[in-house]
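Letter by letter, the chains look like this.
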Amino acid sequence: MAVYDVIVLGVGGMGSAAAYHLARRGARVLGLEQFGVAHDKGSSHARTRVIRQAYYEGPDYVPALPRPRGWPARP
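Here the structure is a predicted model, which means the values were calculated and not measured.

Asker: Talk me through the environment of glycine 12; I want residue IDs and the actual numbers.
Answerer: Here glycine 12 is to be found in the loop between β1 (6-9) and α1 (13-24). C-alpha separation for the pair glycine 12 and alanine 38, spaced 26 residues apart in sequence, amounts to 7.9 Å.

As structure tokens, this is what we get:
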């Protein structure tokens, strides 16, 4: 039976980078992906795009980001 230190769920852009860096640090890593290679359902695509909202692209861009339901309005 295989033993892993870390299991990464989703090995698209973000998950594969995490798995790579963990493995470089000596962790035994298993990466699991529910979709095929080069799919369009990950964190960096379409409506599920998380990356753009996690970094600052400038004052003109930030107001265009969707606000999660229940969050207060921007000042």
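Asker: Tell me about the pattern of salt bridges, and please be specific about residues and values.
Answerer: A complete count under the given rule lists 1 salt bridge for this structure. A salt bridge links aspartate 5 to arginine 28, with the shortest nitrogen-to-oxygen separation between them at 2.9 Å. Separated by 23 residues along the polypeptide, aspartate 5 in the segment before β1 and arginine 28 in the loop between α1 and β2 (29-32) bring together distant segments of the chain. Taking the relative accessible area as the measure of exposure, aspartate 5 reaches 44% and is therefore partly exposed.

Asker: I'd like a rundown of α1, residues and numbers included.
Answerer: Compared with an ideal rise of 1.5 Å per residue, which puts 12 residues at 16 Å, α1 spans 17 Å between its outermost C-alpha atoms and is within 8% of the ideal. Once α1 ends, the next one or two residues include glycine 26, with phi positive near 100 degrees.

Asker: Before we move on, can you summarise the pairing of β2 with the specific residues and values?
Answerer: Note that β1 and β2 share 4 bridges and pair parallel. Pairing of valine 8 across the sheet is with glycine 31, part of β2. The β-α-β motif built from β1, the intervening α1 and the parallel element β2 has right-handed crossover chirality.

The rules we used
- Residues numbered from 1 in each chain as written.
- Predicted model: local features only at pLDDT ≥ 70, side-chain atom pairs only at ≥ 80, totals over all residues.
- Heavy atoms only, no water.
- Helix = DSSP H or I, 4+ residues; strand = E, 2+ residues; numbered from the N terminus.
- Salt bridge = Lys/Arg side-chain N within 4 Å of Asp/Glu carboxyl O.
- Buried < 20%, exposed > 50% of the residue type's maximum accessible area, 1.4 Å probe, protein only.
- Expected span 1.5 Å × (residues − 1).
- Pairing = 2+ DSSP bridges.
- Right-handed = clockwise from strand over helix to strand, strands pointing away.

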